[in-house]
Amino acid sequence: MTHLRDEILKENPDFAGRVVDVEQATLFLRAWLMGKGWNESLRALGYMKTHHAGQTRKDGQPYIIHPLMMVSHAMSINDENITDDLIATLLLHDLREDAHVSIAEMPFNGRIKNGVKYMSLIRFDDESKYELKKRYYNELLESKEATIGKGFDRYNNLTTMSASFPEEKVRKNVVETDMLLLPTLKKAEELWPEASNLLHLLRTSIRGINDVYALAYRVQLRDANFVNVKDAKDYSELLTQAV
């Protein structure tokens, strides 16, 4: 079977190697943050660049493009929940997981550090994938910055994964988004009513893209909530469900 990714790259061979101008994006963001007077995010921008230096994404682009694009999505939304703490969390969110920077050594305030902590997917010893994901999505709701941040994180990944992820991983992401992330964002709307408009926008935007992927990759989505998945076998089956 021909993969959608292969078809895209065959018609657009330079797509996977297309590189965003990191310096231009950084200068634009820095100016925007200075205009806002958001000093935590300004410090986070430099800190993130230092600790992600030399790292690349699966499509070969500099790693920092991912947090920069997450922030660009947030910048386009006029909402009181787009704050200095949130932007800093977006910029720093992968440092613990991918750059191995401990939360304790990050020189930022508690809300930002908590946001990074709960956005980080860290597997405990002897923890199954089912247990890891269950804990991760439950704990996201410990931090508003982490929950909103995860929405921007998944939105950005959805917009790029067709040209960088293998077909199996795309399918797993589609199912996980439908089964785990979207219900979590729905719960967050009730938990933080002051952020319900932003959370609803993220949830419906993510669902729309995710549904397109489900059709394109012939993924059969079940209308199931995570709490109804009883064991690791059921979860594994859902993550590979396709017709």
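Scroll up for the structure.
The present account deals with the structure reproduced in this document. Along each chain, the written sequence defines residue order, and numbers are assigned to residues from 1. Owing to the predicted nature of the model, reporting of local features is limited to residues with pLDDT of at least 70; listing and counting of side-chain atom pairs is limited to 80 or more, with chain, interface and lining totals taken over all residues. Where side-chain values are given, they derive from all heavy atoms of the structure, hydrogens and water being excluded.

Under the DSSP-based scheme used, a helix requires at least four consecutive residues in state H or I and a strand at least two consecutive residues in state E, with every element numbered from the N terminus. Summing up its helical and strand segments, the chain has 12 helices and zero strands in all. For the chain, the succession of helices and strands along the chain, N to C, is α-α-α-α-α-α-α-α-α-α-α-α. Among the 243 residues that make up the chain, the fraction classed as buried is 49%. Residue pairs at least 24 apart in sequence account for 69% of intrachain contacts in the chain once pairs closer than 6 positions are excluded. Carbon and sulfur atoms form 50% of the exposed surface of the chain, whose accessible area is close to 11,900 Å². Buried, partly exposed and exposed residues are distinguished by accessible area as a fraction of the type maximum, computed with a 1.4 Å probe on protein chains only: under 20%, between the cut-offs, and over 50%, respectively. Contacts between residues were defined by any pair of non-hydrogen atoms, one from each residue, lying within 4.5 Å. What sets the accessible areas is the Shrake-Rupley method with a 1.4 Å probe; for residues, cover comes only from the shown protein chains.

Our next topic: the packing of helix H9 (residues 144-160) against helix H10 (residues 167-191). Interaxial distance between H9 and H10 falls to 11 Å at its minimum, and their mutual angle equals 150 degrees. Overall, the two elements H9 and H10 adopt an arrangement that is roughly antiparallel. Seen from above, H9 lies across H10 with left-handed handedness. Residues Thr147, Lys150 and Arg154 of H9 lie in contact with H10, whose contacting residues are Asn173, Glu176, Thr177, Leu181, Leu185 and Ala188. For the contact of H9 with H10, the class distribution of residues is three nonpolar, three polar and three charged. Structural elements are reduced to axes, namely lines fitted to C-alpha atoms, with helices fitted over the stretch in contact, and the angle between N-to-C directions of any two is expressed from 0 to 180 degrees. Geometric relationships in this document are graded by angle, where less than 35 degrees denotes roughly parallel, more than 145 denotes roughly antiparallel, 65 to 115 denotes roughly perpendicular, and other angles denote oblique. Crossings are classed by handedness, with left-handed meaning an anticlockwise turn of the near helix from the far one by less than a right angle and right-handed meaning a clockwise turn. Under the convention adopted here, Pro, Cys and the residues Ala, Val, Leu, Ile, Met, Phe, Trp and Tyr are nonpolar, Asp, Glu, Lys and Arg are charged, and Gly plus all remaining residues are polar.

Attention now moves to the pattern of salt bridges. By definition, a salt bridge exists where a carboxyl oxygen of Asp or Glu is found within 4 Å of a side-chain nitrogen of Lys or Arg. For the structure on display, the rule yields 14 salt bridges. Note that Glu145 is salt-bridged to Arg111, the shortest N-O span being 2.7 Å. With Glu145 in helix H9 and Arg111 in helix H7 (residues 110-119), this pair connects stretches of sequence that are 34 residues apart. On the basis of relative accessibility, which here comes to 8%, the residue Glu145 falls in the buried class. Take Arg111: its relative accessible area is 44%, and that puts it in the partly exposed class. Between Arg171 and Glu167 there is a salt bridge, with the nearest N and O atoms lying 3.0 Å from each other. Within this pair, Arg171 and its partner Glu167 are both found in helix H10, separated by four residues, close to a single helical turn. Here Arg171 and Glu167 have matching classes, each one buried. Overlapping salt bridges, with partners in common, bring together Asp85, Arg111 and Glu145 in one network.

This brings us to unusual backbone geometry. Phi is positive for His100, close to 60 degrees, though the residue is something other than glycine. Here His100 shows up in the loop between helix H6 (95-98) and H7. Residue classification places His100 among the exposed positions, given a relative accessible area of 66%. A positive phi is found at Asp126, a non-glycine position, where the angle reads about 65 degrees. Relative to the elements of secondary structure, Asp126 occurs in the loop between H7 and helix H8 (129-140).

Right, let's get into the nonpolar core. It is characteristic of soluble globular proteins that their nonpolar side chains tend to be buried jointly. The term nonpolar core refers to a set of buried residues drawn from Ala, Val, Leu, Ile, Met, Phe, Trp, Tyr and Cys, joined through side-chain atoms within 4.5 Å. Counting residues in each nonpolar core, the largest one holds 62 residues, and the members touching the most others are Ile87, Leu92 and Phe152. For this core, the element with the most residues is H10, which contributes nine residues. When near neighbours in sequence (up to four residues on either side) are disregarded, Ile87 contacts Trp32, Leu33, Trp38, Ser41, Val71, Ala74 and Ile82.

In this section: H8. Here the expected span of a helix is defined as 1.5 Å times the quantity of residues minus one. Relative to the 16 Å expected for 12 residues at 1.5 Å per residue, H8 spans 16 Å between its end C-alpha atoms, a close match to the ideal helical length. All buried positions along H8 are accounted for by Tyr130, Leu132, Lys133, Arg135, Tyr136, Tyr137 and Leu140.

Bringing the side chain of Asn81 into the picture now. Considering the arrangement of structural elements, one finds Asn81 in the loop between helix H4 (65-75) and helix H5 (84-92). Any N or O atom pair separated by 3.5 Å or less is treated as a polar contact, with the protein-specific requirement of one donor-capable and one acceptor-capable atom, and with residues adjacent in sequence counted only for side-chain atom pairs. For Asn81, the side chain forms a polar contact with the side chain of Lys144, separated by 3.3 Å.

Here Leu141 lies in the loop between H8 and H9. Separated by 46 residues in the primary sequence, Leu141 and Lys187 place their C-alpha atoms 8.4 Å from one another. Dropping the residues within four chain positions of it, Leu141 is found in contact with Thr147, Thr184, Lys187, Ala188, Leu191 and Trp192.

This part takes up the packing of H7 against H9. Two elements in contact, H7 and H9, have axes separated by 8 Å at closest approach and are oriented at 50 degrees. As judged from the angle between their axes, H7 and H9 are oblique. For the pair H7 and H9, the sense of crossing is right-handed. Residues Arg111, Gly115, Tyr118 and Met119 of H7 touch H9, and the partners they reach there are Lys144, Glu145, Ala146, Gly149, Lys150 and Asp153.

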